[in-house]
Structure formats: C-alpha cells, structure tokens
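# Understanding the architecture of this molecule
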Amino acid sequence: MTGVQTCALPISCSPVASPARAGDLAKLDTSLKLVPKTAAFYSASMRLGEQVEIVANSRAWAKILEMPSVRDAWDLYEAQAADPESNAAKFEKAMEHPAVSDLVELLKDMFAQEVFIFGDEQYADFFALVQKVSNTVQYGPMILQLTGEAGDLDQDKLMAALLLSALAEDLDALKIPTTVMGFKITDKDRAKRNMTNLAGVITVGCMAVPQLAGAFQQTEINGDQFLVFSLNGEMVPWDEIPLDELKELESEPGDAEKVIAALKELTLVTAIGIRDDYLLVSIGPSTDCVAALGSGDLLIERRELKPLKKFTEKRLAGIGYISREFIAGLATGDDDIDALLEVLDELLPAVELPEADEAEIRRDAHQVAEDFKGLIPEPGAVFSFSFLTDQGVEGFSYNWSENLYWDGSKPLGLLKHVGGNPLMALVWRERYAPETYDLVAGWCVMGYHYFEKYAIPQMSPHDRIEFQQFVERVEDLPGRLDRANREMLIPALKDSQGGLVLDAKLKIRKLLEDMPDPGKPMPMVEPALVIGVSDAELLRQGCKEYLAVFEELLDAVREVDPGSIPEFAIPEPKIQKTAAGTIYSFPPPKHCGVNKKIVPSLGLSDSVAVVAMSRGHAQRLLGAKTLTIGSVLAKANRPRAAAFLLDFAGLIE
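A quick note: this is a predicted structure, and the numbers were derived from the prediction, not measured. (Residues numbered from 1 in each chain as written. Predicted model: local features only at pLDDT ≥ 70, side-chain atom pairs only at ≥ 80, totals over all residues. Heavy atoms only, no water.)

In terms of regular secondary structure, the protein is built from 20 helices and 19 strands. Its C-alpha atoms put the protein at 80 × 70 × 60 Å along the principal axes. Of the contacts formed within the protein by residues at least 6 apart in sequence, a portion of 73% connects residues at least 24 apart. Approximately 36,200 Å² of the protein is accessible, and the part contributed by carbon and sulfur atoms is 58%. Counting 64 positive and 99 negative side-chain charges, the protein places the centres of these two groups 13 Å from one another. (Helix = DSSP H or I, 4+ residues; strand = E, 2+ residues; numbered from the N terminus. Contact = heavy atoms within 4.5 Å. Areas by Shrake-Rupley, 256 points an atom, 1.4 Å probe, with all protein chains shown as cover. Lys, Arg positive; Asp, Glu negative; His and termini not counted. Charge placed at Lys NZ, Arg CZ, Asp CG, Glu CD.)

A separate point is the nonpolar core. Nonpolar side chains in soluble globular proteins tend to be buried together. The biggest cluster of nonpolar side chains holds 38 residues, and the ones touching the most others in it are Y42, F116, F118, L308, I319, F383 and F385. Counting 22 residues, the second largest nonpolar core, distinct from the first, contains A612, A618, I629 and L645. (Core = buried A, V, L, I, M, F, W, Y, C linked by side-chain atoms within 4.5 Å. Buried < 20%, exposed > 50% of the residue type's maximum accessible area, 1.4 Å probe, protein only.)

Here the focus is empty space enclosed by the protein. According to the stated counting rule, one finds one cavity of 30 Å³ or more in the structure shown. Approximately 30 Å³ is the volume attributed to the largest cavity. Of the residues that constitute the lining of the largest cavity, the class distribution is five nonpolar, one polar and two charged. (1 Å grid on protein atoms, 1.4 Å probe; cavity = no way out; pocket = protein on both sides within 12 Å on 5 of 7 lines; lining within 4 Å. Points joined across faces, edges and corners; volume = space filled by probe spheres on them. Nonpolar A, V, L, I, M, F, W, Y, C, P; charged D, E, K, R; others polar.)

The next thing to look at is the packing of aromatic side chains. A complete count under the given rule lists 24 aromatic pairs for this structure. Measuring from centroid to centroid gives 5.1 Å for F41 and Y123, while their planes differ by 75°, and the two rings are edge-to-face. Taken together, the positions of F41 in strand β2 (residues 41-46) and Y123 in helix α6 (residues 122-147) put the pair 82 residues apart, joining distant regions of the chain. Here F41 falls in the buried class, since its relative accessible area comes to 16%. Each ring, one from W74 and one from Y77, has its centre 5.6 Å from the other, and the planes form 25°; the classification is stacked. In this pair, W74 and Y77 both sit in helix α3 (residues 68-81), three residues apart, roughly one turn of the helix. (Phe/Tyr/Trp six-rings, centres within 6.5 Å; stacked < 30°, edge-to-face > 60°.)

Inspection of the entire model under this criterion finds 33 salt bridges. D102 is the partner of R190 in a salt bridge, and the nearest nitrogen-oxygen pair spans 3.1 Å. Of the two residues, R190 is situated in helix α8 (residues 188-208) and D102 in helix α5 (residues 98-110); the sequence distance between them amounts to 88 residues. Comparing R190 with D102, the two get one shared label, buried. Across the pair E325 and R324 runs a salt bridge whose closest N-O atoms are separated by 3.4 Å. Through salt bridges with shared partners, a single network forms among D102, D187, R190 and R193. (Salt bridge = Lys/Arg side-chain N within 4 Å of Asp/Glu carboxyl O.)

Together, R59, K63, K507 and K520 line one region of the surface with positive charge. Tracing the sequence through the fold places K507 in strand β13 (residues 497-508). Given a relative accessible area of 47%, K507 falls into the partly exposed group. (Patch = residues over 30% accessible without salt bridge, like charges linked within 9 Å, V, L, I, M, F, W, Y side chains within 5 Å.)

In this model helix α15 (residues 435-455) runs 29 Å from its N-terminal to its C-terminal C-alpha over 21 residues, within 8% of the 30 Å that 1.5 Å per residue would give. Each element contacted by the buried residues of α15 is listed here: α14 (355-375) and α17 (477-492). (Expected span 1.5 Å × (residues − 1).)

What follows is about the packing of helix α13 (residues 334-351) against α14. Two quantities define a packed helix pair, namely the angle between the axes and the distance from one axis to the other. Running from amino to carboxyl end, α13 crosses α14 at an angle of 170°, the nearest separation of the two axes being 10 Å. By the angle between their axes, α13 is roughly antiparallel relative to α14. Facing D334, I337, D338, L341, L344, D345, L348 and P349 of α13, the residues of α14 in contact are E358, I361, R362, A365, H366, A369, F372 and K373. For the contact of α13 with α14, the class distribution of residues is nine nonpolar, one polar and six charged. (Axes fitted to C-alpha atoms, helices over the stretch in contact; angles between N-to-C directions. Parallel < 35°, antiparallel > 145°, perpendicular 65-115°, else oblique.)

With five of six residues buried, strand β3 (residues 114-119) lies mostly within the body of the structure. With six bridges joining them, β2 and β3 adopt antiparallel strand pairing. What sits directly across from F41, in β3, is G119. Relative to strand β4 (residues 179-184), β3 runs antiparallel, the two being bridged by five bridges. For I117, the partnering residue across the bridge sits in β4 and is M181. (Pairing = 2+ DSSP bridges.)

Okay, the side chain of T578 next. With respect to the secondary-structure elements, T578 resides in the loop between β15 (574-577) and β16 (582-585). Of note is the side chain of T578, whose polar atom sits 2.7 Å from the backbone oxygen of G581. Discounting chain neighbours no more than four positions away, the residues touching T578 are I583 and Q619. (Polar contact = N/O pair within 3.5 Å; in protein donor to acceptor, adjacent residues only side chain to side chain.)

A word on the side chain of S31. Note that S31 resides in the loop between β1 (2-8) and β2. Exposure remark for S31: the relative accessible area of 0% places this residue in the buried category. When sequence neighbours within four positions are dropped, the list of residues in contact with S31 reads Y42, A44, E114, F116 and Y278.

Next up on the list: the packing of α3 against helix α4 (residues 87-95). The interhelical angle for the contact between α3 and α4, taken along N-to-C directions, is 80°, at an axis separation of 6 Å. With respect to α4, the element α3 is oriented roughly perpendicular. In this structure, α3 contributes Y77, Q80 and A81 to the contact, and α4 contributes A88, A89, F91 and E92. Per-class residue counts for the contact of α3 with α4 are five nonpolar, one polar and one charged.

Before going further, it helps to examine a negative patch on the surface. On the surface, a cluster of negative charge is made up of D334, D335, E378 and E402. In this fold, E378 is placed in the loop between α14 and β10 (382-388). Classification of E378 by relative accessible area gives partly exposed; the value is 49%.

In the structure shown here, the tally under the stated rule is zero disulfides. Free of any disulfide, C543 has its nearest neighbouring cysteine sulfur in C444, separated by 20 Å. (Disulfide = S-S within 2.5 Å.)

All right, on to the environment of D244 then. One can find D244 in helix α9 (residues 243-248). For D244, a relative accessible area of 61% puts it in the exposed group. Here the alpha-carbon distance between D244 and F648, two residues 404 residues apart in the chain, equals 61 Å.

Here you go:
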C-alpha cells in the first residue's frame, strides 16, 4: 500500500489539532451507510455550503471582486438588467416566478451539504467491453486491409463490421451499469413539490410521443415514492434498420440477429425519489439498486476504508473510492499488450519478410511485451478522503495497487527544500531501480538494429553515405552516454527524490523591455525543479560528460551537413558559492531584452540539486527550511511516498 498525504491552505495558518482517536465508521453521517460493498466507484463531497461560505468570506474572494475586470462585468450586467427588453432583465423576471425560485432554493439545498455518486459492479465489465471494442475498431481495419480480407468495404463499413463482430463475441457483457447520485436535503416538502411538478412535465411529454405510452409511472420502492421512467430496446424501430445490409457485414452467420436480440432485451430505467434525507437519482437497468440501498454488505465495511477511522470526528469534506476490478478494467494490462501482439501476428505475413526475419521480429516483440508486463503493477483499490481544518483542507490517499515505483519507507527530505512557504509543491520518492535503465537501453539497441536493417536500405544513396559518415563520426558517443548514465548519473541520483515547486516571491516591473510598464513591481511566477542527490561530485561529472557529448554531436552534424546548425557556444556559468551550496547562473544575452532578474540557475549542494529561473529562488531552495504551514506535512520525520501542498489564497493573490 502506498499512502500519499496532501494539504491545501486557502485560509490561515492556525495550528492543526491532533488526530482524533479511532472512531466507529458506522456512526458517520454520510451516504456510505447506503452504498453497497460491491460498488465499482464512489465519490462524495460534503460541507459544500460551508466551503462556499468560507471562500465567500475570504480575503482571496474579496480581492477577486475588487479586480477592475470583475467590477466592470458586474456593472455591465446591472446596466443591461435595467432594460426591460434585455435578456438579463427577462432572466431576472423569470427568477422571480414562485416555481422557479422554489426550484432554485431546492438546488441550493441539494448542493449545500452532501453530494455523492456511485456505480455498481457492472461498470468493470462494461468498460472491459468498451476497451475490447475500441481495440477492435482501432486496429481491425488496418489488419483487414493489409491481409486483403477487407474486400471492397469502405472504412465506415469495415468499422461497422468489426463492431458487430466484437459485440457478438461478448454478448454477456452487453449490460447497462447502474449509476446512483444522491443529494442530502433539509427541506423534504420543497423536494416533493418539485418532484410533483416534474411528474407533470414528464406525463405531458409522454402523452405527446405515442412510443412512450406507459414508460412513466410513480412507484413505491421500499415505502418511498419514486418517479420511474423506463425505456427498453423494443421501443427502437428495428423494422426501419436495413437488416440485410447488416448481414452482409457479419463475420459469422447470425451475428446481426444475435446483437439485435440482445439490444432488444436491454432496459434503461431512471428513478427519482427521496430516501431518508437524500434526494436520489438512479440510472440503470432496473430499480433493484435503489431498493437495496442501505441493506446487505456495505462499502463502509471494506477494509480499504479503515484508515478513515482515525478521522471520524473531523469535518469531512470528501471521500473517494475506486474498486480493484474497476481499475483493472480501465488500466492498461496484460490483455491489452497481448492484443497488440495479435495485431503484429496478423500483420507480419502481409509484409512478406524472409522467414528468419519474421521469426526474429516475433521473438523480439514478445520479449518487449514481457518486459512491459513486468512494469505494470497489479491493480488494487484506491481510497481517499479530505477534511476541513482551520487552515483549509487536508487529505490522505491510499493505493492498494502493487507498489513497483514508490518508496514510502523514509521521510521526504526535499520537503525542507521547497522554500518554507511556496504557492505549490509536489514532492515524491521513487524506488531506486537501475535495472529499469537496462531495459530501456536494451530497447534502444534493439530499435537501432531494426532501423539499420530496414530503414537505412530505403535511403537514397546520398543520404545513406551522409548517414554512414555521421555514424562513424559519433560511434563512441553512445558508449560515453551509457557510461555517464551507469557510472555517474544513476548512482548520483540514488536518493530518488524529486519535486516541483511553484512560487511568486520574485517581483519585476516587466518581463521584456518592449512590454508596457505596469507602474509597479508585479509578482512573477517562479517554477522550479528540486532533485535529491546522493553524490554531488558524480552528478557534476555526469553533467560535464553530457555537455561534452552534446557539443561533439553538434560538431558532427555540422561536419556532415554544413550550415544545418548555426555556430553557437554554451556560455560558461557564473559561479556563486553560498552557505547552502553552489549556484551556477546563465544570464540571458542583453540583446534578448529579458529582465535582468530572470537568470536561469542551477543549484547544487551535497544533498540537493535545483533548477530555477532566478538566483534568489535557487538559493532559497538549496537552503533547508521547515515548512511554515503548521500542518501534518510540517512533521518532516514521518515516512511518506509523496506529498502535495497548495496555498490557494496566495495563488489567488
């Protein structure tokens, strides 16, 4: 399991209370008490009204309202609303109608407390079918055309034939999944009034369309009144569909009739009603899911939700869950790679290669496929939640997928190298896996082998001679790069930490000389990259070797193709020794007209490397500084795989 902690800070910087003792999830007043354990996904947003009120009363929102463009837009709207014939005035008039205002109040109530959505287990099979159909339609036409099996069918008919074949092969998966949305409400009477109005509108609409006769009814489900609108496959005018033309596209006799028969059996049912304190909207093959809400095994009982127990007394703002089965259906897996291999197996005979060459390609393709399969983690469920604090929002995310890449066994030391109070920072640590480089290097060697074998012979004699001259000129560079990677850069970056930082402490009047002067210094967005370093001297050596290889590569291109690359020299950096480390700066040429404070800089200490757009930012990031946000992320000694923080108020300002 990988735990990722997040923190967002839109309001103030008050201390955070210590985590509550483990509580009872069953006592949580959320929709988790309704959702079945087999749900494919679930997402809930709570305290929305409270969050809107916090933002509305914040200094950040006040500053937005003070912006000249916002004030001008509001003044323009009020001026238009003063004209009775304008759309703005008509909108204002419509909003005064009792039925409309009552509906608006209901919508406010629906989104003020909790909104949730979940899908049932059928979503996993549904998306697996979608993926299968997508792969068939994407690669099938090319295979049929190259193998000569497409006949005289055009592209559209080819895709229709493949779609028909894919559906006929997997009719059991041709099912409609169930989706349920819920809105917690405080005024049930208002909700019932609006449901009555909606029932009248639907009834009139069904009367106007003869095919919808009997499609709508008001039904009681477990003692609660629901509006139920049903559509089924029999309503489709199948007699107007040219069945004979469909049969011409069949891969197997009877495919068209089997697919149509399966589609006729499908039913789409929409149900709207009130259960407990929730206004529910269900879309699926029946109302069975609505009837089962809150009974049997529930999602709240899953082991993946146990981390929430420590936070039951917090002001929960959001909960999310995705099942292992659903993720497996969405993510690239072994089946997808095998499908690509099948495409290759179908295409190779059409290319008419020598038998030995075809065998070599198949062998290498299967080896690469196995390599890729080894890089795909076994999927697992994902669970996350967030809660309001005096500072803003904090949250945790847990991933039960096989952990092939993240290392959460140690503290993230780079959190002390994001500047203390940045606008945004994302820091992570990957597992140290030099063997991955061996895979990539092997693929590069294999790729060049096939380029040399099949692409070079297709070149013109002139291009082939130039290419051979170029290869002879740079024949030692790949080996030098490989040594630089294996012996310098990879060991130097063994710490495997990385981070992205966004700040705006640099203030300038204008970025370029030709830009208008705003009249005062303005904050400049400062992106930066921070990297954990295990051996600073090896990193220096690796960078020098990379630079030398790059310059030799440019020289080789100029020799083979004079004039293709202008002559230029990478300037020597200005070196500044500081208490935190060494800063290498590359001031832009004066003729570029760039503000003199914008100086791309590299920083290096014994444990950190920095890439920034100003010397000041590079120096701030090199120096160790504890986060000033006062949240869980300030506890620097806690093991983490990744961490994210966002100063929303500072970003708006």
